Amino acid sequence: QFLLHLASLPEKSVLAKELIMKIKEDAECSTPSKHQNQFKVRKKWSIKFWEAKKTVVPILALGLLLFVAFDSFTWYLLKFLGASGLFWQTQWENLYHSLGGNEWLIFFIVTLIVPGIIFWSFNAILMVADVTGKPAFITQYRIQLGKNDPVDGTKLRKAVLMGLFNQFFISVPLVMLTLPILKQRGDPFSLTLPTFHWFLFELAVCTLLEETTFYYTHRLLHYPFLYKHVHKQHHEWTAPVSITTMYVHPLENVFSATAPLLIGPVLLGSHAVSVMAWLSIVLLFGSLSHCGYNLPFMPSAEFHDYHHLK
C-alpha cells in the first residue's frame, strides 16, 4: 500500500521513483532465493558431516588399531603355543595314560585340584600381606586406608574355614556332577587338546553367560528377605580381603557363585583342560576383585570394594 501511495504521488517525482526502486531492491535482497536456500541447506549438512567425521574417524582408527594389535598378539601367542603345543599335548597324554584313563579321577584333578592350588597359592600371598602388612609393594595399594591393617585374625580364620567348607562340600560335588553332562555334549577327555582359537571362543561365551547370570542372581540377593538371611553374611566384610570371595552362604555359593561358572562349559561340551583354565581364571579374578588392593596392571578392585562399604 505504501508503494501504491508513492506511485500515485503527483508528477511521480524522481525522488519517489528512486525510493520505490530502493524498497524493491531491499525486499528482493531480504527474501532469499531458491538457490540461496539450497546453498544454506548444503552448507548445514556439510558442517554436520564434518562434525560426524571428526567423531567417527578416530573411533574407526582406534578400532582398526585394536584389531591389528589383537591380531598380532594372537599371531605371536599362536606361534608360542605352536612351539610349545607338543609339550602340553604330551603332558596331557601322559596324565591321561598314567591314571589309566580313569575319567572321574582325571576330571577331579584337572578341574578341582589344579584350580584349587592356584586359588589358595594366590590367596596365601595376599593373606600374608593382610596379616603382616608386608611386602610394602602390595600393601601400599590398599584401597580403604586404615582398614585390615592388620586384618582381624579371628575374622580371617572364620573366612578361611567358610571358604574351605564351600569348596569341598558345595563346589566339588557340583563340578563333579557336570561330568556326565559334559560327556553327553562333547568329548572332555579327547587326547587332542582344543585349538587356541576355540578356547578363546569358549572363554568369551563362558564369560558372557557367567557375568549375565551372576548379575541377576546378585541383584536378587539384595532383595530384603534374601539379603537378611543369605547375602548379609558376605557383606559382613565392609573392607573385603581376597579370601572373602568364598565367604558366602552355602545357598549363595550354589546359585550365584558356582552354578553360573558351569553353564558355559556344559552348553559347549568343553574339554576338561578348558574347564580347568576357565575355573582358574575366574577364581583369580574373584580373588582380585575382593583383595582390597588396587594393584597396578591388574583389574581394579575399587568398585567391588566400595560395594561392600555401602
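Sequence order sets the numbering: in each chain, residues are counted from 1 along the sequence as written. Since the coordinates come from a predicted model, pLDDT governs what is reported: local features require at least 70, and pairs of side-chain atoms require 80 or more to be given and counted, while whole-chain, interface and lining totals use all residues. Excluding hydrogens and water, the side-chain values take into account all heavy atoms of the structure.

Trainee: Provide a residue-level description of the overall build of the protein chain, including the pertinent values.
Mentor: A run of DSSP states H or I qualifies as a helix once it reaches four residues; a run of E qualifies as a strand once it reaches two. Both are numbered from the N-terminal end. Across its full length, the protein chain holds 11 helices and zero strands. If you list the helices and strands of the protein chain from N to C, you get α-α-α-α-α-α-α-α-α-α-α. Considering only intrachain contacts with a sequence separation of at least 6, the fraction spanning at least 24 residues in the protein chain is 73%. Put simply, the protein chain shows about 19700 Å² of open surface, and 71% of that area lies on carbon and sulfur atoms. Contacts were defined at the residue level, with two residues in contact if any of their heavy atoms lie within 4.5 Å. Residue exposure ignores everything except the shown protein chains as possible cover, and the areas themselves are Shrake-Rupley values with a 1.4 Å probe.

Trainee: Give a detailed account of the nonpolar core, specifying residues and quantitative values.
Mentor: The criterion is simple. A nonpolar core is a set of buried Ala, Val, Leu, Ile, Met, Phe, Trp, Tyr and Cys residues joined through side-chain atoms within 4.5 Å. Under the scheme applied here, a residue whose accessible area is under 20% of the maximum for its type counts as buried, over 50% as exposed, and between as partly exposed, the area being computed with a 1.4 Å probe on protein chains only. Within the largest apolar cluster, 20 residues are counted, with the highest numbers of intra-cluster contacts made by W92, I106, F107, F189 and W278. At the level of secondary structure, the elements contributing two or more residues to this core comprise α3 (34-98), α4 (103-132), α6 (153-185), α9 (250-268) and α10 (272-290). Formed by 13 residues, the second largest nonpolar core is a distinct cluster that contains A159, V160, V241 and Y247.

Trainee: Give a detailed account of the environment of F214, specifying residues and quantitative values.
Mentor: Here F214 is to be found in helix α7 (residues 196-221). Given a relative accessible area of 29%, F214 falls into the partly exposed group. Taking C-alpha positions, F214 is 8.8 Å from L261, a pair spaced 47 residues apart along the chain.

Trainee: Can you lay out the packing of α7 against α9 for me, pointing to particular residues and giving the numbers?
Mentor: Every axis corresponds to a line fitted to the C-alpha atoms, with the helix fit spanning only the stretch in contact, and the corresponding angles, defined between N-to-C directions, vary from 0 to 180 degrees. The interhelical angle for the contact between α7 and α9, taken along N-to-C directions, is 155 degrees, at an axis separation of 8 Å. On the basis of the axis angle, α7 is roughly antiparallel to α9. Both α7 and α9 take part in a crossing whose hand is right-handed. Between α7 and α9, the contacting residues are F201, E202, V205, C206, L209, E210, T213, F214, T217, H218 and L221 on the first element and E252, F255, S256, P260, L261, I263, G264, P265, L267 and L268 on the second. Polarity classes work like this: nonpolar for Ala, Val, Leu, Ile, Met, Phe, Trp, Tyr, Cys and Pro, charged for Asp, Glu, Lys and Arg, and polar for all others, with Gly in that last group. Tallied by class, the residues present in the contact of α7 with α9 amount to 13 nonpolar, five polar and three charged. Orientation is classified from the angle alone, with under 35 degrees giving roughly parallel, over 145 giving roughly antiparallel, 65 to 115 giving roughly perpendicular, and any other angle giving oblique. Should the near helix be turned anticlockwise from the far one by less than a right angle, the crossing is termed left-handed; should it be turned clockwise, right-handed.

Trainee: Give me the lowdown on the packing of aromatic side chains, citing residues and values where you can.
Mentor: Only Phe, Tyr and Trp rings take part, Trp by its six-membered ring, and two of them pair if their centres are within 6.5 Å. Stacked means planes under 30 degrees apart, edge-to-face means over 60, and tilted covers everything else. Inspection of the entire model under this criterion finds seven aromatic pairs. Ring geometry for F87 against W88: centres 5.0 Å apart, planes inclined by 75 degrees, an arrangement best described as edge-to-face. Classification of F87 as partly exposed rests on a relative accessible area of 45%. Overall, W88 belongs to the partly exposed group, its relative accessible area being 48%.

Trainee: Tell me what's going on with α7, and back it up with residues and numbers.
Mentor: Each α-helix winds once per 3.6 residues, and so residues spaced three or four apart point in a common direction. To estimate the expected span of a helix, count its residues, drop one, and scale the result by 1.5 Å. Helix length check: α7 (26 residues) gives 36 Å between terminal C-alpha atoms against 38 Å at 1.5 Å per residue, within 8%. Taken together, the buried positions of α7 are occupied by F196, F199, E202, C206, E210, T217, H218 and L221.

Trainee: Please provide a residue-by-residue account of the pattern of salt bridges, values included.
Mentor: Any Lys or Arg side-chain nitrogen located within 4 Å of an Asp or Glu carboxyl oxygen qualifies as a salt bridge. Following the criterion strictly, the structure yields three salt bridges and no others. Measuring nitrogen to oxygen at the nearest pair gives 2.7 Å for the salt bridge that ties E103 to K183. Placement of the pair is E103 in helix α4 and K183 in helix α6, with a sequence separation of 80 residues. We classify E103 as partly exposed; its relative accessible area is 23%.

Trainee: Before we move on, could you go through the packing of α7 against α10 and cite the residues and values that matter?
Mentor: How two helices pack is summed up by the angle between their axes together with the distance between the axes. At a minimum axis separation of 11 Å, α7 and α10 run at an interaxial angle of 50 degrees. Regarding the angle of α7 to α10, the classification is oblique. In this structure, α7 crosses over α10, and the sense of that crossing is right-handed. Where α7 approaches α10, its residues F199, E202, L203, C206, T207 and E210 are matched on the opposing element by S274, A277, W278 and I281. Class assignment for the residues of the contact of α7 with α10 results in six nonpolar, two polar and two charged.

Trainee: Tell me about the confidence of the model for the protein chain, and please be specific about residues and values.
Mentor: Reading fine detail from the predicted coordinates is not recommended where pLDDT is low. Confidence of the prediction at every residue is given by pLDDT, a number between 0 and 100. For the protein chain, the average pLDDT comes to 82, and 72% of its residues sit at 70 or higher. For the protein chain, the element scoring lowest by mean pLDDT is helix α1 (residues 2-7), at 49; α9 scores highest, at 96.

Trainee: Can you explain helix α11 (residues 302-309)? Please cite residues and give values.
Mentor: Taken residue by residue, α11 has H304, D305, H307 and H308 as its buried positions. All buried residues of α11 fall inside an arc of 155 degrees around its axis, so they share one side. At its buried positions, α11 is contacted by α7 and α10. Throughout, the arc means that of the directions going from the helix axis to the C-beta atoms.

Trainee: Mind laying out the side chain of Q89, listing which residues take part and the relevant values?
Mentor: For Q89, the position within the fold is in helix α3. Residue classification places Q89 among the buried residues on the basis of a relative accessible area of 18%. If sequence neighbours within four positions are ignored, Q89 has contacts with L191, T192 and L193.

Trainee: How would you summarise unusual backbone geometry if you had to cite specific residues and measurements?
Mentor: Peptide bonds are mostly trans, and most non-glycine residues show a negative phi. Of note, the amide linkage connecting K134 to P135 takes the cis form, showing an omega dihedral of 0 degrees. One can find P135 in the loop between α4 and α5 (136-139).

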